[in-house]
Structure formats: C-alpha cells, structure tokens
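Structural characterization, general
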Amino acid sequence: MQARADDEVDRLVTAWARERPDLDASPLLVLSRVSRLAHHLDRARAEAFAGTDLVQWEFDVLAALRRSGAPHELSPSSLASATLVTSGTMTTRIDRLTARGLVERRPAPADRRGVLVRLTDEGARRVDAALADLLVRERSVLDVLGPDRSAQLADLLRRLLAPFEGPR
C-alpha cells in the first residue's frame, strides 16, 4: 500500500492542532477540501464557459431555462429560486441576458401582469455548448475516483447538503 502524501489541508490541521490543541480541527479535513475543490471547480467552469462567451451566472440562468423543457421558459421568480438569487438580482440578470439576445421576455398567458422568460435559439446554442465542455472537464476531475467511488461521494455530499437545501 502506498503511503499517503500530506496535502495543504493536512498541514493546516496539523498547525491548528499544535497552536490550539484544545480544539478538534478534524472538520477541516473534509470541509476545507470541499472548499478548495469548489475554488478549483469555479476556475474550470470559468474556462469552460469562456469558450461560449458566458460567465457562471449567465450559464446558471440559461441552464435553468434549458432544463425546464420546451418551450424553455420560466417566471422570473422561478429563475431566482432555481439560481438562489433575489428577485432584484434576477431582474438585472434578465435585462443583461435580453440585451445579449440570449433570452426574451414575453407576457404570461395566464396573468396579464406576469412575464415569462424564454430561452432564445442563441441562448440554447451557447448553454448546450458550455454544458458539453463543462461535463468533459468535470468528468476528468472525477476520473481519479472511478464510477463506484464517484457515486459514493455523490451520496455523501447529498447527505451533507440536505440540512441546507431540504427536499424539493
């Protein structure tokens, strides 16, 4: 069996154990790695989206619309909920995406005062291309684990997220 090499998180936990032996820093062994991995994934996502001239928040909104199924439209409040932003933030984002020709607003048929946001053909093309590149990059990150361990990790992370996100 190969000896495990310490990483930056092991070194910081060891330093905390030395400096604050009265505290149990073991949660950092997991959660600092999750945090560092999220940072690296954010960089990889930015690279994946750059090829389609999108940034993370644009991808998030376009992807929510794309996943919604034909006709690929949602209310602004549904988009805000799906992307974890306020309604004011979503309004600004919709304005920007509309100006870029990636989404369009249209009146809601059931509510004359309501609006629906619909993905344009260009928005669909860009989000589909960004998703394909993203999945290639993310799959390569998980290759080190293999399918069984990836599934196990997905289950463990689901359990960790459950108290924050709850059932839908």
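Before reading on, note that the structure itself is shown above.
Quick caveat: nothing in here was measured; it's all calculated off a predicted structure.

Description of the overall build of the protein chain
Each helix and strand in the protein chain was counted, giving seven helices and three strands. Start at the N end of the protein chain and walk to the C end: the helices and strands fall as α-α-α-β-α-α-β-β-α-α. For 168 residues, the compact-globule formula gives about 15 Å, and the C-alpha radius of gyration of the protein chain, at 20 Å, lies well above that figure. If one aligns the C-alpha atoms of the protein chain with their principal axes, the spans along those axes are about 65 × 35 × 25 Å. Within the protein chain, the fraction of its 168 residues that count as buried is 26%. Residue pairs at least 24 apart in sequence account for 49% of intrachain contacts in the protein chain once pairs closer than 6 positions are excluded. Per element, the accessible surface of the protein chain, about 11,800 Å² overall, is 57% carbon and sulfur.

Details of the sheet that holds strand 1 (residues 73-74)
Across the sheet, which stays open at both edges, the three strands sit in the order 1-3-2 with antiparallel pairing between neighbours. The open sheet has two edge strands, strand 1 and strand 2 (103-108), and neither has a second partner. Against the sheet, helix 3 (residues 56-67) makes contact with strand 1, strand 2 and strand 3 (111-119), and its axis sits at roughly 100° relative to strand 3, the strand it touches most.

Section: the packing of helix 3 against helix 4 (residues 76-83)
Where helix 3 contacts helix 4, the two axes come as close as 10 Å, and the packing angle between them is 115°. Remark: the crossing between helix 3 and helix 4 carries right-handed chirality. Residues D60, V61, A64 and L65 of helix 3 lie in contact with helix 4, whose contacting residues are L79, A82 and T83. Along the lines of polarity and charge, the residues of the contact of helix 3 with helix 4 split into five nonpolar, one polar and one charged.

Some words on the packing of helix 2 (residues 27-50) against helix 6 (residues 121-142)
Running from amino to carboxyl end, helix 2 crosses helix 6 at an angle of 145°, the nearest separation of the two axes being 8 Å. Remark: the crossing between helix 2 and helix 6 carries right-handed chirality. Each of L41, A44, R45, E47, A48 and F49 in helix 2 lies in contact with helix 6, whose residues at this interface are A130, D133, L134, R137, E138 and V141. Tallied by class, residues from the contact of helix 2 with helix 6 come to seven nonpolar, no polar and five charged.

Some remarks on helix 6
Note: α-helices contain 3.6 residues per turn, so residues at a spacing of three or four share the same orientation. Counted at 1.5 Å a residue, the expected span for helix 6 with its 22 residues is 32 Å, and the 31 Å between its end C-alpha atoms agrees. All buried positions along helix 6 are accounted for by G123, A124, R126, V127, A130 and L134. End-on, the buried residues of helix 6 take up no more than an arc of 155°, which puts them together on one face. Seen from the buried face of helix 6, the exposed residues on the opposite side, beyond 90 degrees, are D121, V136 and R139.

Calculation notes
- Residues numbered from 1 in each chain as written.
- Predicted model: local features only at pLDDT ≥ 70, side-chain atom pairs only at ≥ 80, totals over all residues.
- Heavy atoms only, no water.
- Helix = DSSP H or I, 4+ residues; strand = E, 2+ residues; numbered from the N terminus.
- Rg over C-alpha atoms; globule rule 2.2 N^0.38 Å.
- Buried < 20%, exposed > 50% of the residue type's maximum accessible area, 1.4 Å probe, protein only.
- Contact = heavy atoms within 4.5 Å.
- Areas by Shrake-Rupley, 256 points an atom, 1.4 Å probe, with all protein chains shown as cover.
- Pairing = 2+ DSSP bridges.
- Axes fitted to C-alpha atoms, helices over the stretch in contact; angles between N-to-C directions.
- Left-handed = near helix turned anticlockwise from the far one by under 90°.
- Nonpolar A, V, L, I, M, F, W, Y, C, P; charged D, E, K, R; others polar.
- Expected span 1.5 Å × (residues − 1).
- Arc of directions from axis to C-beta.

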